[in-house]
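Read off the chains here:
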Amino acid sequence: MPLHLPSDLGRPIPDSPHAVSACLPTWADNIGYEEGEPRVKEKLTTGYPRFVYNRFCRDLFVWVGERAAGPGQDCLVFPTAAAADRAAGFIDRRLDADVTGVVPLANAAWDNGHTETHAVVFPAEHARVAQDGWQHIGEGISSRQAEDLLAGHVAEPADEALEQIVSRVASLAGAPTDRTWLASCGMSAFAAIHRAIDQLQPGHDSVQFGFPYVDALKVQQLCGSSGCWFLPRGDRAELDQLQEALENGRTVSGIFTEFPSNPLLAVPDLGRLAELCQAHSVPLVVDETISGFGNVDVLSVADAVCSSLTKSFSGVGDVTAGSIVVNPSSRFADRLAAALTASPPAGLYAADAAVLERNSRDYAERLPVTCENARRLVAFLRQQPEVATVYYPDDQNPVGDGDHASRYDAFRRPDGSRGPLFSVLLADAEQTAAAFYDALAVDKGPNLGTNYTLACPFTILAHYHELDWAESCGVSRHLVRVSTGLEAYDDLEAAFATALGR
């Protein structure tokens with residue numbers, strides 16, 4: 001049964017101590033989460049791991065803090081020294097002060113030659129800034145590794161599982177395994193390819209083309225040697241603006257885009273964007289998480305592809321992972337590979353690798369079912385008078401200048417579809433969105449690409465403290481984002497019809 005009732009508040013989705021989502025069943029619960037209401041916070045034993053510290057992680061922070069932190073200090077734990085150094089550097093830069101310490105946790109009871117964990121210690125008053133670094137860069141210790149460390153052991157190496165995952169990702173993307181990197185989550189993969197791009201042209205802004213997932217923009221704005229030129233509409237006019245700037249001599253480190261975008265499902269003109277990058281020797285990075293390897297081939301024009309394997313590749317929602325694939329034909333291939341080898345993302349803990357390998361075995365069978373459910377639900381919702389707009393990567397998507405279908409189809413695989421994600425905006429949304437969401441009988445929480453349908457008030461969760469800014473970029477605060485799962489379609493349609501009061 002989906003977790004959607006008020007009594008389900010805080011329950012993990014799925015029912016696992018390592019779940020990467022938790023039920024926020026009402027619109028008010030989502031606002032309460034963002035505002036830190038105790039009635040919500042106290043119910044959450046887990047949540048999306050970059051936003052909510054899993055209880056194993058929290059317990060580990062306390063255990064380590066008692067041994068490594070001083071009075072008035074807190075700590076966070078990271079799987080490698082490099083990840084800890086990056087988090088500490090983020091905190092110090094944000095505060096413009098040297099306030100952190102990095103402490104190795106090598107311990108005879110834990111180590112056995114496998115543990116490289118380090119803690120970042122900082123003044124407790126700066127816990128929010130530290131959590132920002134944990135969230136944006138995405139390299140914090142996983143809940144499984146935290147659980148094992150608390151129990152005094154580490155998982156056995158999972159070399160075979162890691163090799164199978166790399167092979168699976170490389171095959172899906174159409175690249176060799178030696179041009180494929182795994183990461184602890186999608187954001188740590190993104191941060192790593194951003195570091196690599198930044199090294200190619202240090203001191204120059206990157207470009208974010210189109211409105212992206214929140215932390216993709218934050219990484220570019222806060223973690224590089226320069227900043228980010230943000231082109232939120234990602235339409236023909238902004239592409240013209242970008243072309244004019246490059247032709248007039250503006251230097252940028254790289255261009256990042258999503259295919260399609262999250263949450264508006266807009267499709268950039270990837271063909272023209274790639275031609276522009278080729279003409280001006282600018283690397284192009286594409287995040288195709290929303291569509292998925294099984295639906296599209298964007299590596300044919302991208303210099304690198306970044307993905308969250310937490311989503312459709314895993315499907316279960318009980319492990320995080322990410323990947324980077326560098327196009328072996330790219331003029332930047334060798335330099336990007338060297339940079340990634342020198343500064344790789346935090347990798348997968350062995351126990352997480354074993355879970356992801358098992359979860360992803362049936363990816364190719366699951367993906368078409370979830371995508372077909374999305375296609376049919378989109379068609380149904382567009383026929384309902386209560387619905388103002390459904391955002392989906394086709395020509396009925398009102399974002400930008402249209403042509404979403406032809407732009408998407410140019411890179412769609414022969415048997416590919418348009419992905420399992422769409423967003424809904426109701427008519428008179430200010431008055432109707434909350435009631436619709438509260439009545440919707442599907443699992444309700446963050447994450448996407450799962451084997452079960454998930455809905456969330458995306459803008460509330462991702463941009464609560466910048467809602468006016470999000471709306472200035474065309475993203476309504478009343479948006480409901482939906483990721484369809486493997487349920488019987490008739491059951492899904494009935495749930496949405498009931499929520500609409502039909």
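Everything numeric in this text was worked out from a predicted model, so none of it was measured.

Could you clarify how one ought to interpret the side chain of T26 in this entry?
Looking at where T26 falls in the secondary structure, it is placed in the loop between strand 2 (21-22) and helix 1 (27-34). A residue is classified by how much of its surface remains accessible, and T26, at 14% relative accessible area, is buried. At 2.9 Å, the side chain of T26 forms a polar contact with the side chain of D29. Look past the residues within four positions of T26 in its chain and what remains in contact with it is P6, Y437 and D438.

In this structure, what is going on with the sheet that holds strand 17 (residues 480-483)? I would like to understand it.
Either a parallel or an antiparallel arrangement is found when strands of a sheet pair, and the pairing is made through backbone hydrogen bonds. Within the open sheet, the five strands sit side by side as 13-14-17-16-15. Their pairing is mixed. One side of each edge strand has no neighbouring strand; the edge strands of this open sheet are strand 13 (387-391) and strand 15 (443-444). Bridging between strand 14 (residues 421-426) and strand 17 involves four bridges; their strand directions are antiparallel. Each residue of the ladder has a partner; that of F422, found in strand 17, is V482. Helix 14 (residues 363-381) contacts strand 13 and strand 14 of the sheet and is inclined by roughly 15° relative to strand 14.

In this structure, what is going on with helix 1? I would like to understand it.
For an α-helix, 3.6 residues make a turn, and residues three or four places apart therefore share a direction. Of all the eight residues making up helix 1, six are buried; the element is thus mostly covered by neighbouring parts of the structure. When we look at burial in helix 1, the residues that qualify are W27, D29, N30, G32, Y33 and E34. Next to the buried residues of helix 1 lie helix 2 (38-41), helix 16 (429-439), helix 17 (458-463) and strand 17. Phi for G36, located one or two positions after helix 1, is positive at around 75°.

Looking at this model, I keep getting lost on the environment of A191. Mind explaining?
Its location among the elements puts A191 in helix 8 (residues 186-200). On a C-alpha basis, the gap between A191 and A84 in space is 14 Å, while along the polypeptide they are 107 residues apart. Not counting residues up to four positions away in its chain, the partners in contact with A191 are I137 and V219.

Definitions and cut-offs
Residues numbered from 1 in each chain as written. Predicted model: local features only at pLDDT ≥ 70, side-chain atom pairs only at ≥ 80, totals over all residues. Heavy atoms only, no water. Helix = DSSP H or I, 4+ residues; strand = E, 2+ residues; numbered from the N terminus. Buried < 20%, exposed > 50% of the residue type's maximum accessible area, 1.4 Å probe, protein only. Polar contact = N/O pair within 3.5 Å; in protein donor to acceptor, adjacent residues only side chain to side chain. Contact = heavy atoms within 4.5 Å. Pairing = 2+ DSSP bridges. Axes fitted to C-alpha atoms, helices over the stretch in contact; angles between N-to-C directions.

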